[in-house]
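Breakdown of the fold
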Amino acid sequence: MKMELNQAEFRALLELVEIASWVLHAHKIDEPPETEAYRKVEQKIMSQAKQFGLENLVDYDEDLKEYFPSGTFEEESPVMEFIEDFENDTFWDQMVDRLVERDMIEKEGEDAYLAMELEDRFGKEMPLREKYAEELEANGLKNVKVG
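Residues numbered from 1 in each chain as written. Predicted model: local features only at pLDDT ≥ 70, side-chain atom pairs only at ≥ 80, totals over all residues. Heavy atoms only, no water.

**Some details on the nonpolar core**
Of all hydrophobic cores here, the largest spans 13 residues; its most connected members are F10, L14, L54, L57 and V58. Every element with two or more residues in this core is listed here: α1 (7-25), α2 (36-46) and α4 (79-108). Top contributing element to this core by residue count: α1, with 3 residues. Those residues in contact with L14, other than ones at most four positions away along the chain, are I45, M46, L57, V58 and F73. Of all hydrophobic cores here, the second largest spans 10 residues; its members include V96, L99, L128 and Y132. (Core = buried A, V, L, I, M, F, W, Y, C linked by side-chain atoms within 4.5 Å. Buried < 20%, exposed > 50% of the residue type's maximum accessible area, 1.4 Å probe, protein only. Helix = DSSP H or I, 4+ residues; strand = E, 2+ residues; numbered from the N terminus. Contact = heavy atoms within 4.5 Å.)

**Details of the environment of K124**
The topology assignment puts K124 in helix α6 (residues 118-139). For K124, a relative accessible area of 37% translates into the label partly exposed. Setting aside its immediate chain neighbours within four residues, K124 contacts M104, E108 and M116.

**Some words on a negative patch on the surface**
Residues E81, E84, D85, E87, D89 and D93 make up a contiguous surface patch of negative charge. Among the secondary structure elements, E87 is positioned in helix α4. Accessibility expressed as a relative area gives 31% for E87, which makes it partly exposed. (Patch = residues over 30% accessible without salt bridge, like charges linked within 9 Å, V, L, I, M, F, W, Y side chains within 5 Å. Areas by Shrake-Rupley, 256 points an atom, 1.4 Å probe, with all protein chains shown as cover. Salt bridge = Lys/Arg side-chain N within 4 Å of Asp/Glu carboxyl O. Lys, Arg positive; Asp, Glu negative; His and termini not counted. Charge placed at Lys NZ, Arg CZ, Asp CG, Glu CD.)

**Quick notes on the environment of L54**
In this fold, L54 is placed in the loop between α2 and β1 (58-61). In this structure the C-alpha to C-alpha distance between L54 and P78, which are 24 residues apart in sequence, comes to 16 Å. With near-sequence residues (within four places) excluded, L54 lies in contact with Q7, F10, R11 and A49.

**Let's talk about the packing of aromatic side chains**
Taken as a whole, this structure holds 3 aromatic pairs when the rule is applied. On the numbers, 4.7 Å between centres and 55° between planes, the contact of Y60 with Y67 is tilted. Among the residues examined, Y67 registers a relative accessible area of 24% and is labelled partly exposed. When the centroid spacing of 4.8 Å and the interplanar angle of 80° are considered together, the rings of F91 and W92 count as edge-to-face. The ring centre of Y113 lies 4.4 Å from the NZ or CZ of R121, which sits over that ring. (Phe/Tyr/Trp six-rings, centres within 6.5 Å; stacked < 30°, edge-to-face > 60°. Lys NZ or Arg CZ within 6 Å of the ring centre and 35° of its normal.)

**As for the packing of α1 against α2**
When two helices pack together, their arrangement is captured by the angle between the axes and the distance separating the axes. Where α1 contacts α2, the axes come no closer than 10 Å and their chain directions differ by 150°. Between α1 and α2, the angle falls in the class roughly antiparallel. Handedness of the crossing formed by α1 with α2: left-handed. Facing α1, whose interface residues are F10, L13, L14, V17, E18, S21, L24 and H25, α2 presents Y38, R39, E42, I45 and M46. The residue inventory of the contact of α1 with α2, partitioned by class, reads 8 nonpolar, 2 polar and 3 charged. (Axes fitted to C-alpha atoms, helices over the stretch in contact; angles between N-to-C directions. Parallel < 35°, antiparallel > 145°, perpendicular 65-115°, else oblique. Left-handed = near helix turned anticlockwise from the far one by under 90°. Nonpolar A, V, L, I, M, F, W, Y, C, P; charged D, E, K, R; others polar.)

See below:
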């Protein structure tokens, strides 16, 4: 299969690849072996930037023999805005999920909670979800205290 892309489409592809790479590697010290296939595809795509007149978006490190997003890419691309929005939304969703799970386990017991039918669990969780979602939306972390 051969795919034709114009410059704008290739730039969007570079941005998608950077988002995926962030998800796979941003919080890792070493790149996990199970992501090697993805890194190879990323390198293959980045190696084509010059062909699309986008060589200013990719730097090549001679010592590492790898391509990286350039400073220009990082300055001009909306990638980090998308990632930050995603991470922010995920934080609040996870906060609610974890508080609800904590409270449900405390109330029902872990074994009983885990054994609940999904529909029953969802019904019992919903009032807590609404409570926490409303509180966090109204006050953020202002009322969250530890200790």
